[in-house]
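Here is how the chains run, residue by residue.
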There are 2 protein chains.
Amino acid sequence: MDKFFIFSTIGIAVIAFVFAFWLYIWVSKQPSSNKKVASIGELIRNGANVFLRKEYLVLAKFSGVIAILIFIFLPEPIWKGKILENLTMFIAYLFGTGLSALAGKIGIQVATIANVKTAEAAQKGIKPSFLSGFRGGAVMGMAVVGASLLGVALVFLITKNGTALLGFSFGASSLALFAKAGGGIFTKTADISADLVGKVEFGIPEDDPRNPAVIADNVGDNVGDVAGMGADLFDSNVASLAAALVMAVALGGVEGKNVMMVFCFAAIGLLASLIGVGFARMGKTGNPTHALNMSTYITTGIFTVLTALATLLFKFEWRIWIASVVGLFVGVIIGITTDYFTNDERKPVRNVAKASKSGPAFTIINGISYGFLSVLPAIVGIAISALVAYKIAAPLGVTPEDQTQFGMFGISMAAVGMLSIVGMIISNDAYGPIVDNARGLVEMGNLGETALEITDSLDSAGNTVKAVTKGFSIGAAGLTVIALLGAFMSEVNVKAAEIGHALITGFDVMDPVVFFGLLVGSAVPAVFSALLMLGVNRNAERMVGEIHRQFQEIPGLLEGKDGVSPEYDKCIAIATTGALRELIPAGLFAIVITILVGFVGGVAAVGGFLVGNIVSGLLLALFMSNSGGLWDNGKKYVEAGNFGGKGSPAHKAAVVGDTVGDPFKDTAGPSINTQITVVSLLASLLSTIFLTLSIF
Amino acid sequence: MDKFFIFSTIGIAVIAFVFAFWLYIWVSKQPSSNKKVASIGELIRNGANVFLRKEYLVLAKFSGVIAILIFIFLPEPIWKGKILENLTMFIAYLFGTGLSALAGKIGIQVATIANVKTAEAAQKGIKPSFLSGFRGGAVMGMAVVGASLLGVALVFLITKNGTALLGFSFGASSLALFAKAGGGIFTKTADISADLVGKVEFGIPEDDPRNPAVIADNVGDNVGDVAGMGADLFDSNVASLAAALVMAVALGGVEGKNVMMVFCFAAIGLLASLIGVGFARMGKTGNPTHALNMSTYITTGIFTVLTALATLLFKFEWRIWIASVVGLFVGVIIGITTDYFTNDERKPVRNVAKASKSGPAFTIINGISYGFLSVLPAIVGIAISALVAYKIAAPLGVTPEDQTQFGMFGISMAAVGMLSIVGMIISNDAYGPIVDNARGLVEMGNLGETALEITDSLDSAGNTVKAVTKGFSIGAAGLTVIALLGAFMSEVNVKAAEIGHALITGFDVMDPVVFFGLLVGSAVPAVFSALLMLGVNRNAERMVGEIHRQFQEIPGLLEGKDGVSPEYDKCIAIATTGALRELIPAGLFAIVITILVGFVGGVAAVGGFLVGNIVSGLLLALFMSNSGGLWDNGKKYVEAGNFGGKGSPAHKAAVVGDTVGDPFKDTAGPSINTQITVVSLLASLLSTIFLTLSIF
């Protein structure tokens, strides 16, 4: 039975690919006839592909350098003579980056077709339009999860080695770090500049084709929210599986029951998402939010029941099953509490909208305050689920060391449980930018008022659901990085035993070296976010200059004269070049400071560093994502006619909030997850070096 | 020799009081003749005293309840029969609150006289005006440090007991928590409302007597920046001494050399500040910033030399001397790097001012980004100084346990070193609101353009120096709370030994209970800040309504008709009532969640909780203080004629930044220090209870 689960996982991953392909064909076959929409769609597709090509070129060089360094130094310096192991790491790393890039590419491919189909379908009604958008997103969901399961299963099957898995995961993360940061900078550069000059300065509507940045804005939705987010969740999913497998191997060897359980639960998660996606459609209510949430709950239910059956059938440990289910349910609860802070039917959004009457300073102070408040339920939720998962799983061990290992395995399985429905989450998440794009296409292609209303309501559902899925992803990332901390200690001890170093039993904060690492680690997410946001700022300044130039130099553009169109490609080029230039310092900073701390304080400092990084990263990611979502919906609430409606002083203030929130929620906030994962994996990979070379 | 140092400390504290009294008389004797200035000064003094009286009344009730609880439960429940110990704690606690309140009261007393004198002296020139302002601030500096040394020495002399000292310190902190939060809410309520209606809406200048909130604004400077800050630094100073003494006692008993060293260094610090204050005057350059910084550097030098002499003479450990001096110098370095981010001659402030040209959203995004960046040097500085102080001191121990104790003692002496010049710091800090008030009095009393220019330049020096002193205080608070963590462990183990519980050797983050506490603790400063800022918001809304009412209902007020004056007292009443209502939830939240975590996870969870609290508290305090200072100076830089100057769109945007920064830097940011200290002390006091009663 030993390989049964690995092959089943591969089998289900293949089914997911087939299903994704079927969905892709289905979306492609949807009718499209409007030439204007088609030509704008073409512009968006080309822009996205140009960015992706340039970005991947930069990242290929970067990954190449890292890959060579890995080949030379990891898992041990090549002159130690184990060339085959180094080659394995080298290939695993490149395989991780390649699959991650592929996931992004597939997402862009389908999203830039689905947007056109969704726009055209909106002329026929909300149901077909919803289905085009959702199934487009689902291609991404199935492909990403299929790729991550396939990758993990193959690497494990071939290498039978936890460290190689971490190398694979590091490949996925390091690419995701830059893809998420680069895409995030691109999308917000375009979004902010388009709004600032278009809406605020010249008073022309959103998605107006006269605006030179409008295509860049739509491209941004795809490269930031689709490709970036895909790489991000690919990375979280791979990391959670890698962490669980490293500990499962430590607890019972590569053919032990715990390894089987990890694969079994991951496969069931994908299967549940597959069924959930298959059944997602709008019922008689015609409410897209309801349809999206319903399919998430269905998936959760299926996962719970099927894993219980599997536990019964294959005699897995019930305690571990409980840990997974706790993770999943806490994830859902975190999503719901996040929703409280970003839903326009609740107090926080309404208070922020109301405060906007007194001016933008109050919009900001209120938004930041509620953003700070919003971290409490999520952080307490993560804290409780980690504690419960650990305490439930620990008694499976006999010796105290075993109990610690089982406890950490419990946490990693809680993360696997939380991420089990990630296929569904990605589908819902990718739905957002597709319908957002579709709305733009309806506006630019003049498809009529009804179609605009339909895409508006689809878009608004996307925003609401996004809050839930974002809370979910941050929660999952939180548990994953806690599990990676366990993986780091496992790895350190494997190495320590090999080289005859004393075993590490934990990271005591009363040890000043650990505390030193903890403090430094806590500053990293703040600095990382700052570098990204300053990048967006600098880049937006350049693009605003370009938009001004076009309005001044192209006669008839502002007046909307027939046959005059802006030079969309120049704005796309600025966003592209700027994003690629600005993403490197932030990413390098996170990597270099980890290595520095390791050389100063060794594994003890790195352990502290990871903890500081996790704690402050979670805090800032939750704060930034939630306050960003809050401001976005606050603005929409004012636009719906409250506190003076569009054009009122309250609206102007709310727009300021929304603009501040843009880089919060779409650039910095979601990139922090990836930053933490990369640093955690890097620490595990370099543990031998830190064990032997350090000042303190 | 055993009591020599304690009595010397008491002696120097008495000298400080005498010196403070002499300064007070000197300030009072400065000439004042202008009746209008005198009457406005009277209004401010009365307003401040009314607030203080009401606040102290509320706090007296609150402290009364806490004192009774302490009498019943601490150090052990009263039915255990050691009534005398409980009575000692009860008295120590009340003595702490009383001295803290007294320090605030003295500050208000002199500041509300010095403001008038400074305003009048400005008619004669910058030098006498500077001296009035500075010596007024110095009264506060000498009184606060004198009171803290006197209090600590007396409590120690009488009780010979570290736990009683923690009780005394907890009294100081719990009062400071509410005084800082209440004063912070008061001052920013008034400041924001006055600006919003006066400057932004009606375009009347700052400090214009027509504005109904203008007196409340000036009262706010006194109750927030003078009384609140005094209570805050009183609390930090007492806490650092208490932490050092608890560990010194653990290392060599109440009459050991380490105890002597703590008192000796603290006394020398006060002496150095005394000399520094005495010599502070403006040289021929006529540059107030230079004069303020110079006296700080002189104090630092004197402390270094005298403590070296004392170490030589009394054969103290040189390693501990190095730890103190490292603390002091790192404090100065942190101050200087903080200055980089808030000085208008540096890139961050200029970039934020420049970004304001593109609108308020960019002011905010840039300010937040630089605020995030600014945490790095300070946090790394604290991390390095803690690590170095520990590593330098640890070899003094023989057994590993001893080494840990000596290491933590080293950290606490670094904090004592950093805080040794706190007398100077408070003098500089209190100078700020005095000259700010003086500027208002010059404007309202029509003392002429030259006097206005002089007070403007004094005010601007106050702002610049404030950045340095704030960085310093946060650094000192950081080291103090790390030292308190050591005190917490000491206390826990004293109790553990008594009740036969296993000794606590540290807090391992791989223990899920510690990690649980860590996560929850990290959320606390965010929630605490949010509650305070929302309080400011709600309160400002009420006051804005009142200002509008007065402008509408009082005929001739807006036009400035002779003999018509606004109802200043109504605004003061709103600020007072609101501040007292809003400060309770935030303070209670911090206290209650500490107790909850203790009952859930026992001392392990509380240890983690304190660490999470320290890490995220430092991060947020630095971020909020620095970005607030940055926006303030950004606005001033625009007002100086850059990027369009006053009235330009860039100025409007910069004002939004400044308004957002107000509650950041004057309400939430500086209150976080106190929040962390209170929670740390509370944890130490309740350690017996947490040891015996907890779920996990």
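Quick caveat: nothing in here was measured; it's all calculated off a predicted structure.

(A) Looking closely at the overall build of chain A. Across its full length, chain A holds 18 helices and 0 strands. On C-alpha atoms alone, chain A measures out to a radius of gyration of 24 Å, which is about the 26 Å that the 2.2 N^0.38 rule sets for 696 residues. Each principal axis of the C-alpha atoms in chain A carries an extent, and together these give about 75 × 50 × 45 Å. Buried residues in chain A amount to 68% of all 696 residues. In chain A, of all internal contacts separated by at least 6 residues, the share reaching a separation of at least 24 is 84%. Working note: accessible area of chain A is about 21,000 Å², and carbon and sulfur atoms make up 65% of it. With 46 positive and 48 negative side-chain charges, chain A shows a separation of 4 Å between the mean positions of the two kinds.

(B) Representation of the pattern of salt bridges within the structure. Residues and elements named next belong to chain A. In the structure shown here, the tally under the stated rule is 40 salt bridges over all chains. Measuring nitrogen to oxygen at the nearest pair gives 2.9 Å for the salt bridge that ties Arg-549 to Glu-546. Note that Arg-549 and Glu-546 are positioned in helix H15 (residues 512–553) at a spacing of 3 residues, about one turn of the helix. Between Lys-665 and Asp-632 there is a salt bridge, with the nearest N and O atoms lying 3.6 Å from each other. Of this pair, Lys-665 sits in helix H17 (residues 649–685) while Asp-632 is found in helix H16 (residues 568–639), placing the two residues 33 residues apart along the sequence. Both residues of the pair, Lys-665 and Asp-632, count as buried. Through salt bridges with shared partners, a single network forms among Lys-188, Asp-191, Asp-632, Lys-636, Asp-662, Lys-665 and Asp-666.

(C) Expanded view of helix H11 (residues 360–393) of chain B. Helix length check: H11 of chain B, at 34 residues, gives a terminal C-alpha distance of 50 Å against a target of 50 Å (1.5 Å per residue), a fit within 8%. The buried count for H11 of chain B comes to 27 of 34 residues, which makes it a mostly enclosed element.

(D) Structural detail: the side chain of Ser-356 of chain B. Residues and elements named next belong to chain B. Tracing the backbone shows Ser-356 in the loop between helix H10 (347–355) and H11. By relative accessible area, Ser-356 is classed as buried at 1%. Only 3.1 Å separates the side chain of Ser-356 from the side chain of Thr-363, close enough to count as a polar contact. Apart from the residues within four sequence positions on either side, Ser-356 is in contact with Thr-363, Pro-649, Ala-650, Ala-653 and Ala-654.

(E) Inspection of the packing of aromatic side chains at higher detail. All names here are of chain A. Summed over the entire model, instances satisfying the criterion amount to 52 aromatic pairs over all chains. Where Phe-5 meets Phe-314, the ring centres are 4.8 Å apart and the plane angle is 85°; that geometry is what we call edge-to-face. You can see Phe-5 sitting in helix H1 (residues 4–29) and its partner Phe-314 sitting in the loop between helix H8 (288–313) and helix H9 (318–342), a full 309 residues away along the chain. What makes Phe-5 buried here is its relative accessible area of 3%. Residue classification places Phe-314 among the partly exposed positions, given a relative accessible area of 21%. Between Phe-51 and Phe-186, the aromatic rings sit 4.8 Å apart at their centres with planes inclined by 65°, giving edge-to-face as the arrangement. Of the two residues, Phe-51 is situated in helix H2 (residues 35–73) and Phe-186 in helix H5 (residues 162–202); the sequence distance between them amounts to 135 residues. Taken together, Phe-4, Phe-5, Phe-265, Phe-303, Phe-314 and Phe-316 form an aromatic cluster joined through their ring pairs. If you follow Arg-135 out to its NZ or CZ, it ends over the ring of Trp-26, 4.7 Å from the centre.

(F) Broad picture of the relation of the copies chain A and chain B. When chain A is brought onto chain B, the operation consists of a screw motion whose angular component is 180° and whose axial shift is 0.0 Å, with 0.0 Å RMSD remaining. What the rotation and shift describe, once combined, is the action of a two-fold rotation axis. Residues of chain A ranked by C-alpha distance from the rotation axis are headed by Asp-508 of chain A, positioned 2.0 Å from it. Comparing contact sets, 100% of the residues at the interface of chain A also lie at the interface in chain B, consistent with an isologous, same-surface contact.

(G) Quick look at the interface of chain A and chain B. The interface of chain A with chain B comprises 72 residues on the first partner and 72 residues on the second. There are 0 salt bridges connecting chain A and chain B. Joining chain A to chain B, the criterion identifies 4 residue pairs in polar contact (both at pLDDT 80 or more). Of all the elements, helix H11 (residues 360–393) of chain A adds the most residues to the side of chain A that touches chain B, at 21 residues. Partitioning the side of chain A that touches chain B into residue classes produces 57 nonpolar, 11 polar and 4 charged.

(H) Looking closely at the packing of helix H3 (residues 83–121) of chain A against helix H13 (residues 422–444) of chain A. Residue and element names in this part refer to chain A. H13 packs onto H3 with a crossing angle of 50° between their chain directions and a minimal axis gap of 8 Å. What the angle tells us is that H3 and H13 run oblique. Considering only the axes of H3 and H13, their crossing is right-handed. Across from Ala-111, Ala-114, Asn-115, Val-116, Thr-118 and Ala-119 in H3, the residues of H13 making contact are Ile-434, Val-435, Asn-437, Ala-438, Leu-441 and Val-442. Considered class by class, the residues forming the contact of H3 with H13 number 9 nonpolar, 3 polar and no charged.

(I) The nonpolar core, seen in detail. The biggest cluster of nonpolar side chains holds 541 residues, and the ones touching the most others in it are Phe-372 of chain A together with Phe-372 of chain B. By residue number, the principal contributor to this core is H16 of chain A, which donates 33 residues. When neighbours within four sequence positions are excluded, Phe-372 of chain B is seen to be in contact with Ala-526, Val-527, Ser-529, Ala-530, Met-533, Leu-620, Phe-623 and Met-624 of chain A together with Phe-623 of chain B.

(J) Representation of helix H4 (residues 126–159) of chain A in the model. Residue and element names in this part refer to chain A. Taking 1.5 Å of rise per residue, the 34 residues of H4 would be expected to cover 50 Å, and the 49 Å separating its terminal C-alpha atoms lies within 8% of that figure. Most of H4 is tucked away: 28 of the 34 residues are buried. Once H4 ends, the next one or two residues include Lys-160, with phi positive near 50°.

(K) Seen up close, the confidence of the model for chain A. Considering every residue of chain A, the mean pLDDT works out to 89; 99% of them sit at 70 or more. Across chain A, the secondary-structure element scoring lowest on mean pLDDT is helix H14 (residues 449–499) of chain A, at 83, and the one scoring highest is H11 of chain A, at 94.

(L) Highlighting a nonpolar patch on the surface. Nonpolar side chains collect at one region of the surface, where Val-65, Leu-69, Phe-73 and Trp-79 of chain A lie side by side and expose about 430 Å² of accessible area between them. Structurally, the position occupied by Trp-79 of chain A is in the loop between H2 and H3.

(M) Layout of the packing of helix H13 (residues 422–444) of chain B against helix H14 (residues 449–499) of chain B. Residue and element names in this part refer to chain B. Here H13 crosses H14 at 150°, and the two axes come no closer than 8 Å. As the angle between them shows, H13 and H14 are arranged roughly antiparallel. H14 is crossed by H13, and the crossing has left-handed handedness. Within the contact between the two elements, H13 uses Ile-425, Asn-428, Asp-429, Tyr-431, Val-435, Asp-436, Ala-438, Arg-439, Val-442 and Glu-443 and H14 uses Ala-451, Leu-452, Thr-455, Asp-456, Leu-458, Asp-459, Ala-461, Gly-462, Val-465, Lys-466, Thr-469 and Phe-472. Within the contact of H13 with H14, the residues separate by chemical class into 11 nonpolar, 4 polar and 7 charged.

(N) Structural detail: the environment of Ser-295 of chain B. All names here are of chain B. Inspection of the secondary structure assignment puts Ser-295 in helix H8 (residues 288–314). Remark: the alpha-carbon pair of Ser-295 and Asn-428, spanning 133 residues in sequence, is separated by 9.3 Å. When neighbours within four sequence positions are excluded, Ser-295 is seen to be in contact with Gly-276, Ala-280, Met-424 and Asn-428.

Thresholds, definitions, all that
- Residues numbered from 1 in each chain as written.
- Chains lettered and ligands numbered in written order.
- Predicted model: local features only at pLDDT ≥ 70, side-chain atom pairs only at ≥ 80, totals over all residues.
- Heavy atoms only, no water.
- Helix = DSSP H or I, 4+ residues; strand = E, 2+ residues; numbered from the N terminus.
- Rg over C-alpha atoms; globule rule 2.2 N^0.38 Å.
- Buried < 20%, exposed > 50% of the residue type's maximum accessible area, 1.4 Å probe, protein only.
- Contact = heavy atoms within 4.5 Å.
- Areas by Shrake-Rupley, 256 points an atom, 1.4 Å probe, with all protein chains shown as cover.
- Lys, Arg positive; Asp, Glu negative; His and termini not counted.
- Charge placed at Lys NZ, Arg CZ, Asp CG, Glu CD.
- Salt bridge = Lys/Arg side-chain N within 4 Å of Asp/Glu carboxyl O.
- Expected span 1.5 Å × (residues − 1).
- Polar contact = N/O pair within 3.5 Å; in protein donor to acceptor, adjacent residues only side chain to side chain.
- Phe/Tyr/Trp six-rings, centres within 6.5 Å; stacked < 30°, edge-to-face > 60°.
- Lys NZ or Arg CZ within 6 Å of the ring centre and 35° of its normal.
- Least-squares fit on C-alpha atoms with pLDDT ≥ 70 in both.
- Nonpolar A, V, L, I, M, F, W, Y, C, P; charged D, E, K, R; others polar.
- Axes fitted to C-alpha atoms, helices over the stretch in contact; angles between N-to-C directions.
- Parallel < 35°, antiparallel > 145°, perpendicular 65-115°, else oblique.
- Left-handed = near helix turned anticlockwise from the far one by under 90°.
- Core = buried A, V, L, I, M, F, W, Y, C linked by side-chain atoms within 4.5 Å.
- pLDDT = per-residue confidence, 0-100.
- Patch = residues over 30% accessible without salt bridge, like charges linked within 9 Å, V, L, I, M, F, W, Y side chains within 5 Å.

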